[in-house]
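Chain by chain, the residues:
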Amino acid sequence: MTHVEDELNSQPECWERVAAEAAGHAPALPAPGERVAVVGCGTSYFMAQAAAALRENAGQGETDAFTASEFPEQRPYDRVLALTRSGTTTEVLQLLGRLRGRTRTTAVTADPDTPVMRAADDVVVLGFADEYSVVQTRFATTALTLLRAHLGLHTDAVVADARTALAAPLPEGLVDCGQFTFLGRGWTVGLANEAALKMREASLSWTEAYPAMEYRHGPISITTRGTATWMLGGAPEGLAEQVRATGGLWIEGGLDPLAELVRAQRLAVAVAAARGLDPDQPRHLTRSVILTP
């Protein structure tokens, strides 16, 4: 078993633990009514997208998501929440440094022995969800579970769905597809982006991601026999039928969308294995992007 397989299989236990600990982390996390920006890079940015949509839709306050390198520093925020598994990503550390003394910052990280511990005003350490793999799985979903629990949006059913996602076989013919498109709505747009990234990183697959309603505005033109379109969450009316009419494979996300992301992680590993690739050795990638002066 690869490291990434071992780590993605541990997600239900990680989610249970972080949900149980969420109340203790509440003082470091955004309070109701705060104007918040959630930032990250790569996978963490896509989790930021999901978290921002969840928080604002829950009525907790205006919430935006940005990559750390594109944060609009002219905008006023009550708090900036940074997601960083490694705690060493250059863009995140530089942004936190520039915000020091003028905007309250919180970092959610996996490693307590990294510079982010000094860069942020408040820190939440999820050391039990740290990973050996370059390809992120459990830290990202555990961090998002923390934020869902903080918003009162996590239930035991989510963990049960994650276990189903790990146990049930993948849809027949899915691994053999040559192109994969992931779709989301609201908070699951970020999950769709992350599912596509996992496929690129682990299996070098041709993948795309879109808000579901945008799929009809051009991207559906590539859909044909041998392609797959995977919906994370409820699909717009009529879209499944349109995809099937092209000859493409339609995957309906029947589980909690975060559990559907676990299924997509499994797909990435399965496609990598079918293509003779090692998902623990993704091409051109490292665990953290650290830029030298």
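Heads up: the structure comes first, above all this text.
Residues numbered from 1 in each chain as written. Predicted model: local features only at pLDDT ≥ 70, side-chain atom pairs only at ≥ 80, totals over all residues. Heavy atoms only, no water.

Q: Would you mind showing me how to read the overall build of the chain here?
A: If you tally the helices and strands in the chain, you get ten helices and nine strands. Whereas a compact globule of 293 residues would reach a radius of gyration of roughly 19 Å, the chain reaches 18 Å, a difference of no more than 12%. C-alpha extents for the chain along the principal axes are approximately 55 × 40 × 40 Å. Split into buried and exposed, the 293 residues of the chain put 57% on the buried side. Here the analysis covers contacts within the chain between residues at least 6 apart in sequence; of these, 71% occur between residues at least 24 apart. Accessible surface computed for the chain: about 12,100 Å², of which carbon and sulfur atoms make up 51%. Across the chain, the mean location of the 25 positive side-chain charges is 3 Å away from that of the 35 negative side-chain charges. (Helix = DSSP H or I, 4+ residues; strand = E, 2+ residues; numbered from the N terminus. Rg over C-alpha atoms; globule rule 2.2 N^0.38 Å. Buried < 20%, exposed > 50% of the residue type's maximum accessible area, 1.4 Å probe, protein only. Contact = heavy atoms within 4.5 Å. Areas by Shrake-Rupley, 256 points an atom, 1.4 Å probe, with all protein chains shown as cover. Lys, Arg positive; Asp, Glu negative; His and termini not counted. Charge placed at Lys NZ, Arg CZ, Asp CG, Glu CD.)

Q: How should I be thinking about the pattern of salt bridges in this particular structure?
A: A side chain of one charge can pair with a side chain of the opposite charge when the charged atoms of the two come close. With the rule as written, the count across this model stands at 16 salt bridges. Put simply, R79 and D122 hold a salt bridge, and the shortest N to O gap is 3.3 Å. Placement of R79 in strand β3 (residues 79-84) and of D122 in strand β5 (residues 122-125) is noted, with a sequence separation of 43 residues between them. You'll find R79 and D122 in the same group, each marked buried. The salt bridge involving K198 is made with E201; its shortest N-O contact spans 3.2 Å. (Salt bridge = Lys/Arg side-chain N within 4 Å of Asp/Glu carboxyl O.)

Q: What is the right way to look at the packing of helix α7 (residues 156-167) against helix α10 (residues 257-274) in this model?
A: The angle between the axes and the distance between the axes are what describe a pair of packed helices. It is the contact of α7 with α10, at a shortest axis distance of 8 Å, that shows an interaxial angle of 20 degrees. Between α7 and α10, the crossing angle belongs to the class labelled roughly parallel. The handedness of the crossing between α7 and α10 is right-handed. Only A259, V262, R263 and R266 of α10 make contact with α7, whose side of the interface consists of D161, A162, A165 and L166. For the contact of α7 with α10, the class distribution of residues is five nonpolar, no polar and three charged. (Axes fitted to C-alpha atoms, helices over the stretch in contact; angles between N-to-C directions. Parallel < 35°, antiparallel > 145°, perpendicular 65-115°, else oblique. Left-handed = near helix turned anticlockwise from the far one by under 90°. Nonpolar A, V, L, I, M, F, W, Y, C, P; charged D, E, K, R; others polar.)

Q: How should I be thinking about the pairing of strand β4 (residues 104-109) in this particular structure?
A: Within a regular strand, the side chains alternate between the two sheet faces. Most of β4 is tucked away: five of the six residues are buried. In this sheet, β5 lies alongside β4 in parallel orientation, the contact comprising four bridges. Counterpart to V108 in the pairing with β5 is V124. (Pairing = 2+ DSSP bridges.)

Q: Teacher, can you tell me more about the nonpolar core here?
A: Looking at soluble globular proteins, one finds that nonpolar side chains tend to be buried together. V108, L126, L144, F180, F182 and L191 are the most contacted members of the largest nonpolar core, which has 64 residues in total. The greatest single-element share of this core, amounting to nine residues, is contributed by α10. What F182 contacts, discounting residues up to four positions off in sequence, is A192, A195, A196, M199, T207, E208, A209, Y210, W230, L232 and A264. With 16 residues, the next largest nonpolar core counts A37, A68, V80 and L95 among its residues. (Core = buried A, V, L, I, M, F, W, Y, C linked by side-chain atoms within 4.5 Å.)

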